[in-house]
Amino acid sequence: MSTSPHSGSQQARQALADRLREIRLDAGLTARAIAEAAGWHESKCSRIEHARTLPSDADIRAWCTACDAQDQINDLIAVSRAVDSMYVEWRRLQKSGLRGLQDSKVPLYEATRHFRVYCSHVIPGFLQTSEYAHALLAAFGAFHGVHDTEKAVAARIARSRVLYGGNHRFALLVEESVLRYRIGDAEVMAGQLAHLLTVMSLPSISLGVIPFTAERRIWALEGFNIFDEELVQVELLTASLSVTQPSEVALYKKGFAELAEVAVYGLHARALITAAIEAVDPPHAR
């Protein structure tokens, strides 16, 4: 696999390489000893340790077995797969535009039964109106130089059909600030917030709002989605980072649970949404 042009991906590759080198050094082995145990040429160890070659699952098993570090295998394989996924997603965004990125997630969304979504900057994609999605994706596309907004909006709205069919459950958390950040004009925001009041009554949805005044047990985080129990996707400026390492997934699940404890639901959440509507569209201005 060639080196990723995405610096975040390359840093992740290097971190994996450094971890493998640490395991070798902790075991008191040379690169030659690893190569002999695995049946490789010694140069392969050098390529792996310098992040020029991303190790396969089999390579990681062989490396850890040679170092008597079998307890590290599952986590390292998960890290390796996440690095590979990060690179593929970045290439896809460049080649197929925003619509391709939306469409690429459909199989995952349809297969997932339990969604846990935390948003600190924007309304969750599942709950976006077409007008809000258009304003958001147009800004995102202009920033990244990708210009297929109309097709991307249609794909995002179509993707939201998972809310209404199949055996899916949605636990959604937003910071109260998300209700106040202006995406689009006042009409777009008022319509989006009114839509939240409608969809939060669906039986498959639990929508929590974390108030400005909440006594924080955990700080505001980057937005992330947890798909069932095995995958977390973190929204960054440059890419969607996939996390599959079990120990890291567990931390995101813990973080989500603590954020959920300080959120308000039901009537209290509706009151915050209604207040945000009135702030953007005051009754006397109607």
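First, a word on what this report is: a plain description of the structure on this page. Each residue is numbered by its place in its chain's sequence as written, counting from 1. Reporting of local features is limited, given that this is a predicted model, to residues whose pLDDT is at least 70; pairs of side-chain atoms are given and counted only at 80 or more, and all residues count toward the totals for whole chains, interfaces and linings. Calculation of side-chain values draws on the structure's entire complement of heavy atoms; hydrogens and water are dropped beforehand.

### A short note on the overall build of the protein
The way it works is that DSSP assigns letters per residue, a run of H or I at least four long becomes a helix, a run of E at least two long becomes a strand, and they are numbered from the N terminus. Helix and strand content of the protein: twelve helices and six strands. Under the scheme applied here, a residue whose accessible area is under 20% of the maximum for its type counts as buried, over 50% as exposed, and between as partly exposed, the area being computed with a 1.4 Å probe on protein chains only. For the protein, the residues scored as buried account for 48% of the 286 residues in total. The criterion used for residue contact is that any of the two residues' heavy atoms lie within 4.5 Å. Considering only contacts in the protein between residues 6 or more positions apart, those separated by 24 or more positions represent 73%. Carbon and sulfur atoms make up 55% of the accessible area of the protein, which amounts to about 14,000 Å² in all. Two residue types count as positive, namely Lys and Arg, and two as negative, namely Asp and Glu; His and chain ends fall outside the count. Every charge is mapped to an atom, namely NZ of Lys, CZ of Arg, CG of Asp or CD of Glu. Taking the 30 positively charged and 33 negatively charged side chains of the protein as two groups, their mean positions are separated by 4 Å. Under the convention used here, a 1.4 Å probe and the Shrake-Rupley method define accessible areas, while residue burial counts only the protein chains that appear.

### Section: the pattern of salt bridges
One speaks of a salt bridge when a side-chain nitrogen belonging to Lys or Arg is within 4 Å of a carboxyl oxygen belonging to Asp or Glu. Summed over all chains, the structure comprises eleven salt bridges. The salt bridge involving glutamate 49 is made with arginine 24; its shortest N-O contact spans 2.5 Å. A residue pair is termed long-range when its members are at least 10 positions apart, and glutamate 49 in helix α3 (residues 42-49) and arginine 24 in helix α1 (residues 7-26) qualify at 25 residues. Of the two residues examined, glutamate 49 and arginine 24, each falls in the buried class. For the salt bridge of arginine 116 with glutamate 229, the shortest nitrogen-to-oxygen distance reads 3.1 Å. Within this pair, whereas arginine 116 is found in strand β1 (residues 114-119), its partner glutamate 229 is found in the loop between β4 (224-227) and β5 (231-235), the two being separated by 113 residues in sequence. Under the relative-accessibility criterion, arginine 116 is labelled buried at 11%. If you follow the salt bridges from partner to partner, you end up with Arg21, Arg24 and Glu49 in one network.

### Here we look at the packing of helix α7 (residues 130-144) against helix α8 (residues 149-159)
Any two packed helices are characterised by how steeply their axes cross, that is the angle between the axes, and by the distance between the axes. Here α7 crosses α8 at 135°, and the two axes come no closer than 9 Å. Taken together, the axes of α7 and α8 lie oblique to each other. Judged by the twist between their axes, the crossing of α7 over α8 is right-handed. Touching Ser130, Ala133, His134, Leu136, Leu137 and Ala138 of α7 are Thr149, Glu150, Ala152, Val153, Arg156 and Ile157, all from α8. Of the residues in the contact of α7 with α8, the class split is seven nonpolar, three polar and two charged. Convention adopted: a line fitted to C-alpha atoms gives each axis, helices being fitted over their contacting stretch, and angles between N-to-C directions are expressed from 0 to 180 degrees. Roughly parallel means an angle under 35 degrees; roughly antiparallel means over 145; roughly perpendicular covers 65 to 115; every other angle is labelled oblique. In this scheme, a crossing is called left-handed if the near helix is turned counterclockwise away from the far one by less than a right angle; it is called right-handed if the turn is clockwise. Gly falls in the polar group here, along with every residue not listed as nonpolar (Ala, Val, Leu, Ile, Met, Phe, Trp, Tyr, Cys, Pro) or charged (Asp, Glu, Lys, Arg).

### Notes on the sheet that holds strand β2 (residues 169-175)
Two strands make a pair as long as DSSP finds a minimum of two bridges between them. The six strands lie next to each other as β3-β2-β1-β4-β5-β6, forming an open sheet whose pairing is mixed. Looking at strand neighbours, the two that pair on one side only are β3 (205-210) and β6 (240-243), the edges of this open sheet. For this sheet the average axis-to-axis angle between neighbouring strands, irrespective of direction, equals 15°. Where β2 and β3 come together, six bridges link them in parallel fashion. Its bridge partner being in β3, glutamate 175 is matched across the sheet by isoleucine 210.

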